[in-house]
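Here are the chains, one letter per residue:
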Amino acid sequence: MVKIYKPGKVAIVLQGRQAGKKVVVIKQLDEGTKDRPYPHAIVAGIERYPRKVTKRMGAKKLAKRSKVKPFIKVVNYSHLFPTRYSVELEGLKGVVGSETFKEPTQREDSKKQVKKLLEDRYTSGKNKWFFQPLRF
């Protein structure tokens, strides 16, 4: 079987609270684990997308509207829809792992780091399509 979900691959969540949101695959587990015996992936996505900004806005308003609310999650492959796109976020690989989900404090810390990485990517202007919500 061909590996579709490689680290950096962009996918869309189909089920659950974050349905319709774009995510980046951080780690794929094709065989599953002992506690999750199904193929799944650790993903990081955007729960609240940044708002529209214009030239007229001041620096304070621009900074407020450029905020991103991320989420990290373990998602079953059957609840993901792969896209042809990929995002090269090198910093994400070390931030989130399978041990991150064991304790809430670790989860919050990694979420803050993911937020910083995504906001940096947004302000640099790369991958603009990733930071816009799906319209359907």
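Throughout this description, residue numbers start from 1 for each chain and increase along the sequence as written. With pLDDT at 70 or above as the cut-off, local features in this predicted model cover only qualifying residues; side-chain atom pairs require 80 or more to be listed or tallied, and sums for whole chains, interfaces and linings still use all residues. For side-chain calculations, the full set of non-hydrogen atoms in the structure is used, while hydrogens and water are omitted.

An unreviewed UniProt entry annotates the chain as 60S ribosomal protein L27 of Dentipellis fragilis. UniProt positions are given in the numbering used here, feature names are shortened, and annotations may be inferred rather than shown by experiment. Of the chain, the UniProt comment under Sequence similarities (unreviewed entry) reads exactly: "Belongs to the eukaryotic ribosomal protein eL27 family."

Enquirer: Lay out the side chain of Arg121 with the relevant residues and their values.
Expert: Along the polypeptide, Arg121 turns up in helix α3 (residues 104–124). Accessible area is worked out with a 1.4 Å probe on protein chains only. A residue is then buried under 20% of its type maximum, exposed over 50%, and partly exposed in between. Residue Arg121 is classed as buried on the basis of its relative accessible area of 10%. Any two residues whose heavy atoms approach within 4.5 Å are treated as being in contact. If sequence neighbours within four positions are ignored, Arg121 has contacts with Val87, Glu88, Leu89, Lys126, Asn127 and Phe131. Only DSSP runs of H or I covering at least 4 residues are called helices, and only runs of E covering at least 2 are called strands; the numbering of each starts at the N terminus.

Enquirer: I'd like to hear about the layout of surface pockets, residue by residue, with values.
Expert: Its boundaries defined by the atoms lining it, the largest pocket holds a volume of some 280 Å³. If you go around the largest pocket, the residues you meet are Pro50, Arg51, Lys52, Val53, Leu62, Ser66, Tyr122, Thr123, Lys128, Phe131, Gln132 and Pro133. Residue composition of the lining of the largest pocket, by class: 6 nonpolar, 3 polar and 3 charged. Note on definitions: the grid is 1 Å and covers protein atoms alone; a cavity is a set of points where a 1.4 Å probe fits but cannot get out; a pocket is an open set with protein on both sides within 12 Å along at least five of seven lines; lining residues have an atom within 4 Å of a point. Grid points are joined across faces, edges and corners, and a volume is the space filled by probe spheres set on the points. Considered as a void within the structure, the second largest pocket measures approximately 190 Å³ in volume. Lining the second largest pocket are Leu29, Thr33, Asp35, Arg36, His40, Ile42, Val74, Ser98, Phe101 and Lys102. Three residue categories are used. Nonpolar comprises Ala, Val, Leu, Ile, Met, Phe, Trp, Tyr, Cys and Pro, charged comprises Asp, Glu, Lys and Arg, and polar comprises the others, including Gly.

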